[in-house]
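Coordinates in review
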Amino acid sequence: MTIPVSVLILTLDEEINLPRCLASLQWCDDVVVLDSGSQDATQNIATEWGARMVERPFDNYARQRNFGLEKIPYKHPWVLMVDADEEVPSELVEEMNKTIAGCCEKTTLYRMRRKDFFLGRWIKRSSGYPTWFGRLIKVGHVRVERAINEEYNTDGYIGFLQGHLHHYPFNKGFSAWLEKHNRYSTMEADLMVKGGIDTPALSDLFGSDPANRRRAIKSLVYRMPFRPLLMFVALYVFRGGFLDGRAGLSFCLLRSFYEFMINCKAQEVHLRQNDMPL
């Protein structure tokens, strides 16, 4: 089954993940891989699977995605943003096809959730599920903001899909996950120091929009002391991460360490700015 949706995948050295991702996209006749200068077999794999290759040096995630949405021509009016470590199951494909066929003309963005897998299981509780991501985009109507952990803003209506993306964040190994989140924590710390974390609005904290609510909660949590410990307790205890077994404990500890790295790097930036030794 082919549906009127193009796919955009951002890559950098994704030879391990990309074949699985592309195998789940056989329903799509217009797959674009936007690569940041991979040194492994990523570009060859994309070409072998019939994807269009576009290369652009990476600066930040928002600019990379905006380039993909604004500078690359697509066969279809809708684009699905997929990460290389994700799969698109057939149920989601069927739902997208039916939804697009009957959607309101003013609808320009669809949000969806994803299932995070770790150590062979879906870590539903410890991953903070459900989190809604803007992924299905009507070309020309969506702008991506925030350099890291991006936010999708649109001039039209927003819809919600019930299907899930399948996410395998550790498929390249623990070292790759740590290297990736080392980069992420540097970018998050830079945003913190430069005042890039918005002040949460009460209307968003208690509003019905899940994306705005998540953004407001995140902004609030960033201002709390002992955030890494709070993150662990929230995910492992209150969200029930302990029910995810060893995978849940490991993931909650890693998430807490990620928050700890952000704090440490933010302190480092403050000290450097004041010409103080670390």
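Each remark here, short or long, concerns the structure printed above.
The present account deals with the structure reproduced in this document.

Here's the deal with the environment of K75
Inspection of the secondary structure puts K75 in the loop between helix 3 (61-70) and strand 4 (78-83). Judged by relative accessible area, K75 falls into the exposed class, the value being 54%. A C-alpha to C-alpha distance of 6.4 Å links K75 and D30, two positions 45 residues apart in sequence. In this structure, K75 is in contact with S6, D29 and D30, ignoring residues within four places of it in sequence. Polar contacts involving the side chain of K75 include one to the side chain of D29, which spans 2.7 Å.

Side note on the nonpolar core
If you look at the biggest cluster of nonpolar residues, it comprises 29 residues, and the most contacted ones within it are I9, W27, L80, V88 and L136. At the level of secondary structure, the elements contributing two or more residues to this core comprise strand 1 (5-11), helix 1 (18-23), strand 2 (31-35), helix 2 (42-48), strand 4, helix 4 (90-102), strand 6 (107-118) and strand 11 (157-167). Here this core takes four residues from helix 4, the largest share from any one element. Apart from residues lying up to four places away in sequence, V88 is in contact with S24, L25, W27, L80, V82, V93, M96 and L165. L8, V32, I72 and M81 belong to the second-largest nonpolar core, a separate cluster that totals 15 residues.

Description of unusual backbone geometry
With an omega of 5°, the peptide bond between Y129 and P130 qualifies as cis. By the element assignment, P130 lies in the loop between strand 7 (121-122) and strand 8 (133-138). Positive phi, close to 55°, is recorded for D13, a residue that is not glycine. If you trace the backbone, D13 turns up in the loop between strand 1 and helix 1. Using a relative accessible area of 29% as the deciding quantity, one classes D13 as partly exposed. A positive phi angle, close to 55°, is found at L119, a residue other than glycine. You can see L119 is positioned in the loop between strand 6 and strand 7.

Some words on the packing of aromatic side chains
Applying the stated criterion to the full structure yields 14 aromatic pairs. Measuring from ring centre to ring centre gives 6.2 Å for F170 and F251, while their planes differ by 80°; the resulting arrangement is edge-to-face. Of this pair, F170 sits in the loop between strand 11 and helix 5 (174-193) while F251 sits in helix 9 (residues 245-273); the two residues are 81 residues apart in sequence, bridging distant segments of the chain. Each of the two residues, F170 as well as F251, counts as buried. For the ring pair Y236 and F242, a centre distance of 6.3 Å and an interplane angle of 70° mean the geometry is edge-to-face. Judged by its relative accessible area of 44%, F242 falls in the partly exposed class. Site record: aromatic cluster; members linked through ring pairs are F118, F170, F174, W177 and F251. Above the plane of the ring of Y168 lies R20, whose end atom (NZ or CZ) is 4.3 Å from the centre.

Quick notes on the pattern of salt bridges
By the definition in use, this model includes 19 salt bridges. Close ionic contact of R56 with D59 constitutes a salt bridge, the shortest N to O distance being 3.1 Å. Overall, R56 belongs to the buried group, its relative accessible area being 17%. Classification of D59 as partly exposed rests on a relative accessible area of 35%. Among the salt bridges present, the one from D116 reaches R114, with a minimum N-O distance of 3.6 Å. Using a relative accessible area of 11% as the deciding quantity, one classes D116 as buried.

Thresholds applied
Residues numbered from 1 in each chain as written. Predicted model: local features only at pLDDT ≥ 70, side-chain atom pairs only at ≥ 80, totals over all residues. Heavy atoms only, no water. Helix = DSSP H or I, 4+ residues; strand = E, 2+ residues; numbered from the N terminus. Buried < 20%, exposed > 50% of the residue type's maximum accessible area, 1.4 Å probe, protein only. Contact = heavy atoms within 4.5 Å. Polar contact = N/O pair within 3.5 Å; in protein donor to acceptor, adjacent residues only side chain to side chain. Core = buried A, V, L, I, M, F, W, Y, C linked by side-chain atoms within 4.5 Å. Phe/Tyr/Trp six-rings, centres within 6.5 Å; stacked < 30°, edge-to-face > 60°. Lys NZ or Arg CZ within 6 Å of the ring centre and 35° of its normal. Salt bridge = Lys/Arg side-chain N within 4 Å of Asp/Glu carboxyl O.

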